[in-house]
Amino acid sequence: MGNVVAAGNGRDTSRPGPPLTVAVAGAGSIGVAWSLVFARAGHETWLYDPAADRRAAASRELARRLAALAETGLLAEDPGAIAGRVRVTANLAEAAGEASYVQECAPETLEIKRELFGLLDDVAPADAVLASSSSALTCSAIAAGLAGTDRCLVAHPANPPYLLRVVELVPGPKTAPRTVEAAAALLAAAGMLPVRLHKEVTGFVFNRLQGAVLREAYNLVRDGVIAPEDVDLVMRSGLARRWSVLGPFETVELNTRGGIDRHATVMGPAYARMGAERGQADRWEPDLVSEVSASVRRRFPREAWDDNVAWRDHALMVLERCWQAHPELSGPARTTAGAGQ
Ligand SMILES: NC(=O)c1ccc[n+]([C@@H]2O[C@H](COP(=O)([O-])OP(=O)(O)OC[C@H]3O[C@@H](n4cnc5c(N)ncnc54)[C@H](O)[C@@H]3O)[C@@H](O)[C@H]2O)c1
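Below is a short write-up of the structure. (Residues numbered from 1 in each chain as written. Predicted model: local features only at pLDDT ≥ 70, side-chain atom pairs only at ≥ 80, totals over all residues. Heavy atoms only, no water.)

### Some words on the site of the ligand
Then, number 1: Around the ligand there are 23 residues in total, and Ile30, Asp49, Glu108, Lys113 and Ser135 lie nearest to it.
Then, number 2: Note that an oxygen atom of the ligand is positioned 2.5 Å from one of the side-chain N or O atoms of Glu108.
Then, number 3: A distance of 2.7 Å separates an oxygen atom of the ligand from a polar atom in the side chain of Lys113.
Then, number 4: Summarising the interface, the protein chains cover 74% of the accessible area of the ligand, which totals 830 Å² for the free molecule.
Then, number 5: For the shell around the ligand, the secondary structure elements donating two or more residues are helix 1 (29-40), helix 5 (110-123) and strand 6 (152-157).
Then, number 6: With three residues, the single largest contributor to the shell around the ligand is helix 5.
Then, number 7: Tallied by class, the residues present in the shell around the ligand amount to eleven nonpolar, eight polar and four charged. (Near = heavy atom within 4 Å. Polar contact = N/O pair within 3.5 Å; in protein donor to acceptor, adjacent residues only side chain to side chain. Areas by Shrake-Rupley, 256 points an atom, 1.4 Å probe, with all protein chains shown as cover. Helix = DSSP H or I, 4+ residues; strand = E, 2+ residues; numbered from the N terminus. Nonpolar A, V, L, I, M, F, W, Y, C, P; charged D, E, K, R; others polar.)

If you want it as structure tokens, here you go:
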């Protein structure tokens, strides 16, 4: 787990850090969710938005989200106490003036983010980290030419970050290593699972993996192979269940006697043909398979393969029990359809 700061399949391995002042710039879906993450971690959290309607809505949305978490038993503290740590403001200098860390959550528009980072670089303390939630814009585009470009990075969350805790830390070429360290430490202490990318790449990793699945899903529907609802069923009931306890490399390690190396030998040619059908010529070269295999075997030693397979099956049984105990996991749309409406 070399690049995972707070390791674990969703286990809370974080240790709360000291209370800090944190700013969130932009009070839309992601901004409200991030403010919950930081306030839940005990930080005094400023939530800035230039739009009056968003400022008004943000407090209501925060209270609603906290109430839902409390109802599900996922809060260790009174929701009102957490909400009380979030202050909504129309003043960026007030929000960021004493912040140790700023999480930018403005619209996904380069001009808006560039201007906002320029302002933040002026008003935030010199040692504050400036992190963007951007889904696709890179740090080198957002923070180009700033005096404080070395303290900027992308910290791309999944939505909502207080439930899907993985966050991609993507430095630009000018980002200082200490910036990545500081962001990783603060986010891990707030219960997040920061994963460090070594360099900028379009879409980062979360959306590239999601994109690979979506591209193929669209292609299969276009080619008349399967109906859209059955793509969702295959994913929801098959791959996603498995992937909620194991990553794709871990999956093939435990699915194949002989592990990932044997999987690459036996199944590699078939996967290469599937790629070729889509115009992709990337092959699983032996050196690459060896590198991945070594990483997987550090986490899942081959000599414990049978035990690890038994653990996987146990994990799937726990999930199955959870699905059976909670029919609402089948989703509101499907529940409605099942009710004959
Ligand atoms: N929604 C997602 O699933 C998701 C997931 C990961 C990352 N992100 C990223 O998070 C960012 C925000 O996305 P969102 O879905 O919350 O968008 P959103 O449209 O819900 O919210 C954007 C907020 O930014 C405010 N805003 C406008 N101009 C601003 C400025 N100059 N300074 C500060 N705030 C300003 C708007 O009033 C609005 O409240 C985007 O970069 C997006 O790519 C979104």
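The rest of the description comes next.
### Some thoughts on a nonpolar patch on the surface
Then, number 1: Residues Val266, Met267, Tyr271, Met274 and Trp284 make up a contiguous nonpolar surface patch of roughly 460 Å² in combined accessible area.
Then, number 2: Counting through the fold element by element, Tyr271 comes out in helix 11 (residues 259-277). (Patch = residues over 30% accessible without salt bridge, like charges linked within 9 Å, V, L, I, M, F, W, Y side chains within 5 Å. Salt bridge = Lys/Arg side-chain N within 4 Å of Asp/Glu carboxyl O.)

### Concerning the pairing of strand 5 (residues 129-132)
Then, number 1: Burial along strand 5 is two-sided: the residues Val129 and Ala131 and Leu130 and Ser132 are all buried.
Then, number 2: The pairing of strand 4 (residues 101-104) with strand 5 spans four bridges and is classified as parallel. Bridge pairing in strand 5 places Glu104 opposite Ser132. (Buried < 20%, exposed > 50% of the residue type's maximum accessible area, 1.4 Å probe, protein only. Pairing = 2+ DSSP bridges.)

### Here's the deal with the environment of Ala39
Then, number 1: Along the chain, Ala39 falls in helix 1.
Then, number 2: Since its relative accessible area comes to 0%, Ala39 is described here as buried.
Then, number 3: The spatial distance from the C-alpha of Ala39 to the C-alpha of Met192 is 13 Å, given a sequence separation of 153 residues.
Then, number 4: Beyond its immediate sequence surroundings of up to four residues, Ala39 is in contact with Thr45, Ile82, Arg85 and Val86. (Contact = heavy atoms within 4.5 Å.)

### Considering the pairing of strand 4
Then, number 1: Side chains Tyr101 and Gln103 project from strand 4 onto one buried face, and the interleaved Val102 and Glu104 project onto a second face that is buried too.
Then, number 2: For strand 1 (residues 21-25) and strand 4, the ladder comprises four bridges, and the chain directions are parallel. Bridged to Val24 within strand 4 is Gln103.
Then, number 3: For the crossover from strand 4 across helix 5 to strand 5, the handedness is right-handed. (Right-handed = clockwise from strand over helix to strand, strands pointing away.)

### Some words on the sheet that holds strand 4
Then, number 1: If you trace the eight strands from one edge of the open sheet to the other, you get 3-2-1-4-5-6-7-8, paired in mixed fashion. The open sheet is flanked by strand 3 (86-89) and strand 8 (193-196), the only strands paired with a single partner. When strand polarity is set aside, the average angle formed by the axes of neighbouring strands in this sheet is 25°.
Then, number 2: Lying over the sheet, helix 7 (residues 177-189) contacts strand 4, strand 5, strand 6, strand 7 (166-170) and strand 8, oriented at roughly 155° with respect to strand 8. (Axes fitted to C-alpha atoms, helices over the stretch in contact; angles between N-to-C directions.)

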